[in-house]
Amino acid sequence: MPLPLATERLVIRPYRDEDAAALHEVFGSPEVMKWTPSPPSKDVAETRERLARTMAFTARQPPGFGLWALELKESAEFLGQVGLFPVEGKGPEVEVAYELAPRVWGHGYATEAARALLEYGFGEMALRRVVALILPANTRSRTVASKCGMTLEGPGRFYGLDLLTYAREAP
Ligand SMILES: CC(C)(COP(=O)(O)OP(=O)(O)OC[C@H]1O[C@@H](n2cnc3c(N)ncnc32)[C@H](O)[C@@H]1OP(=O)(O)O)[C@@H](O)C(=O)NCCC(=O)NCCS
């Protein structure tokens with residue numbers, strides 16, 4: 001994906017080493033991480049290591065896939081992480097993902113970013129199908145997936161968790 005990718009209010013850009021402190025609001029938050037397969041980082045140092053692994057993961061992906069920083073266009077304020085990548089790192093399905101700092105929830109940012117990733121995925125990347133894998137109790141994320149035109153397909157086992165698959169096919 002040619003980054004940065006801009007939407008009306010947001011910018012999706014590659015991670016930088018300096019993002020660790022801001023990213024700790026996401027990776028260090030029990031409120032965020034309870035909806036992911038990973039436990040919260042215990043301190044910024046652990047988030048820094050996790051950021052390095054995330055950047056290495058992105059570097060290994062085929063072009064257009066990875067995990068990136070999401071920020072506000074106007075102020076460059078760090079909001080969280082979004083991504084588009086092969087499920088469990090191996091595919092063949094492709095998933096869209098989003099994790100934002102709790103203080104910025106409820107402004108429609110995740111929906112705006114995920115819509116841009118889907119548009120890019122179905123457009124430039126010519127993907128046939130994108131999924132979102134969501135814990136059943138995660139109503140916020142389920143709302144985001146629905147607002148992005150993804151529909152509930154049913155339960156599935158991914159990342160060692162019982163998740164719901166939401167999916168959207170290429171137009
Ligand atoms: C899921 C997440 C990314 C959503 O971010 P966000 O920017 O707040 O999302 P949006 O504002 O675009 O949409 C959230 C929707 O959930 C709704 N919502 C808010 N609180 C809710 C609640 N308690 N129950 C149900 N829906 C809720 C909002 O009203 C909004 O829908 P609306 O625009 O129709 O009103 C964010 O909550 C998050 O980071 N959660 C933790 C990590 C996570 O769950 N990631 C996804 C893993 S599958």
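Our subject is the structure listed above.
Residues numbered from 1 in each chain as written. Predicted model: local features only at pLDDT ≥ 70, side-chain atom pairs only at ≥ 80, totals over all residues. Heavy atoms only, no water.

**Student:** Break down the overall build of the protein for me, citing the residues and quoting the values.
**Tutor:** From N to C terminus, the protein includes five helices and eight strands. Reading the protein from its N terminus to its C terminus gives the helix and strand order β-β-α-α-α-β-β-β-α-β-α-β-β. Overall, the protein is about 40 × 30 × 30 Å in size when its C-alpha atoms are taken along their principal axes. Burial analysis of the protein (171 residues in total) assigns 52% to the buried set. The long-range share in the protein, meaning contacts at least 24 apart out of those at least 6 apart in sequence, stands at 57%. When the accessible surface of the protein is summed, it comes to about 8,400 Å², and 55% of that surface belongs to carbon and sulfur atoms. Averaging the locations of the 20 positively and 22 negatively charged side chains of the protein gives two centres separated by 3 Å. (Helix = DSSP H or I, 4+ residues; strand = E, 2+ residues; numbered from the N terminus. Buried < 20%, exposed > 50% of the residue type's maximum accessible area, 1.4 Å probe, protein only. Contact = heavy atoms within 4.5 Å. Areas by Shrake-Rupley, 256 points an atom, 1.4 Å probe, with all protein chains shown as cover. Lys, Arg positive; Asp, Glu negative; His and termini not counted. Charge placed at Lys NZ, Arg CZ, Asp CG, Glu CD.)

**Student:** Tell me about helix α1 (residues 20-27), and name the residues and values.
**Tutor:** Turning to α1, its buried residues are Ala20, Leu23, His24, Val26 and Phe27. Projection of α1 onto a plane perpendicular to its axis shows the buried side chains occupying an angular sector of 155°, all on one side. Buried residues in α1 make contact with α2 (30-33), α3 (44-60), β4 (78-86) and β5 (94-100). (Arc of directions from axis to C-beta.)

**Student:** Talk me through the environment of Pro86; I want residue IDs and the actual numbers.
**Tutor:** Tracing the backbone through its elements, the reader meets Pro86 in strand β4. Through-space distance from the C-alpha of Pro86 to that of Pro62 is 9.3 Å; in sequence the pair is 24 residues apart. Once residues lying within four places of it in the same chain are set aside, the contact partners of Pro86 are Gln61, Phe65, Gly91, Glu93 and Val94.

**Student:** Tell me what's going on with the site of the ligand, and back it up with residues and numbers.
**Tutor:** Not every one of the 21 residues close to the ligand is listed here, only the nearest: Gly106, Gly108, Thr111, Asn138 and Lys147. Between the ligand and Leu100, the relevant distance is 2.8 Å, taken from an oxygen atom to a main-chain nitrogen or oxygen of the residue. Starting from 950 Å² of accessible surface for the ligand in isolation, the protein chains cover 74%. Residue assignment for the shell around the ligand shows that the elements contributing at least two residues are β5, α4 (109-122), β6 (129-134) and α5 (139-147). The leading source of residues in the shell around the ligand is α5, at six residues. (Near = heavy atom within 4 Å. Polar contact = N/O pair within 3.5 Å; in protein donor to acceptor, adjacent residues only side chain to side chain.)

**Student:** Can you tell me about the environment of Ala145, naming the residues and giving the values?
**Tutor:** Along the polypeptide, Ala145 turns up in helix α5. Residue class for Ala145 comes out buried when judged on its relative accessible area of 1%. Through-space distance from the C-alpha of Ala145 to that of Ala167 is 8.3 Å; in sequence the pair is 22 residues apart. With residues near it in sequence (within four places) discarded, Ala145 still touches Tyr98, Ala132, Ile134, Met150 and Tyr166.

**Student:** How would you sum up α3? Please name residues and give values.
**Tutor:** The end-to-end C-alpha distance of α3 is 24 Å, a good match for the 24 Å that 17 residues give at a rise of 1.5 Å each. Considered for burial, the residues of α3 that qualify are Glu46, Thr47, Arg50, Leu51, Thr54, Phe57 and Thr58. Looking straight down α3, one finds that the buried residues subtend no more than 140° of arc, so they occupy a single side. Along α3, the residues that are exposed and aim more than 90 degrees away from the buried face are Arg53, Ala59 and Arg60. Contact partners of the buried residues in α3: α1, α2, β3 (66-72) and β4. (Expected span 1.5 Å × (residues − 1).)

**Student:** Before we move on, can you summarise the packing of α1 against α3 with the specific residues and values?
**Tutor:** When two helices pack together, their arrangement is given by the angle between the helix axes and by the axis-to-axis distance. One way to put it is that α1 packs onto α3 with a least axis distance of 9 Å and a crossing angle of 95°. Judged by the angle between their axes, α1 and α3 are roughly perpendicular. Across the interface between the two elements, Ala20, Ala21, Leu23, His24 and Phe27 of α1 pack against Val44, Thr47, Arg48, Arg50, Leu51 and Thr54 of α3. Its residues assigned to classes, the contact of α1 with α3 comprises six nonpolar, three polar and two charged. (Axes fitted to C-alpha atoms, helices over the stretch in contact; angles between N-to-C directions. Parallel < 35°, antiparallel > 145°, perpendicular 65-115°, else oblique. Nonpolar A, V, L, I, M, F, W, Y, C, P; charged D, E, K, R; others polar.)

**Student:** Lay out the nonpolar core with the relevant residues and their values.
**Tutor:** Counting 48 residues, the largest nonpolar core has Leu84, Tyr98 and Met150 as the members making the most contacts within it. Excluding its chain neighbours within four sequence positions, the residues that come into contact with Met150 are Val96, Leu118, Val130, Val131, Ala132, Ala145, Tyr166, Ala167 and Arg168. In terms of nonpolar packing, the next biggest core, distinct from the first, is built from six residues, Val87, Val131, Leu163 and Ala167 among them. (Core = buried A, V, L, I, M, F, W, Y, C linked by side-chain atoms within 4.5 Å.)

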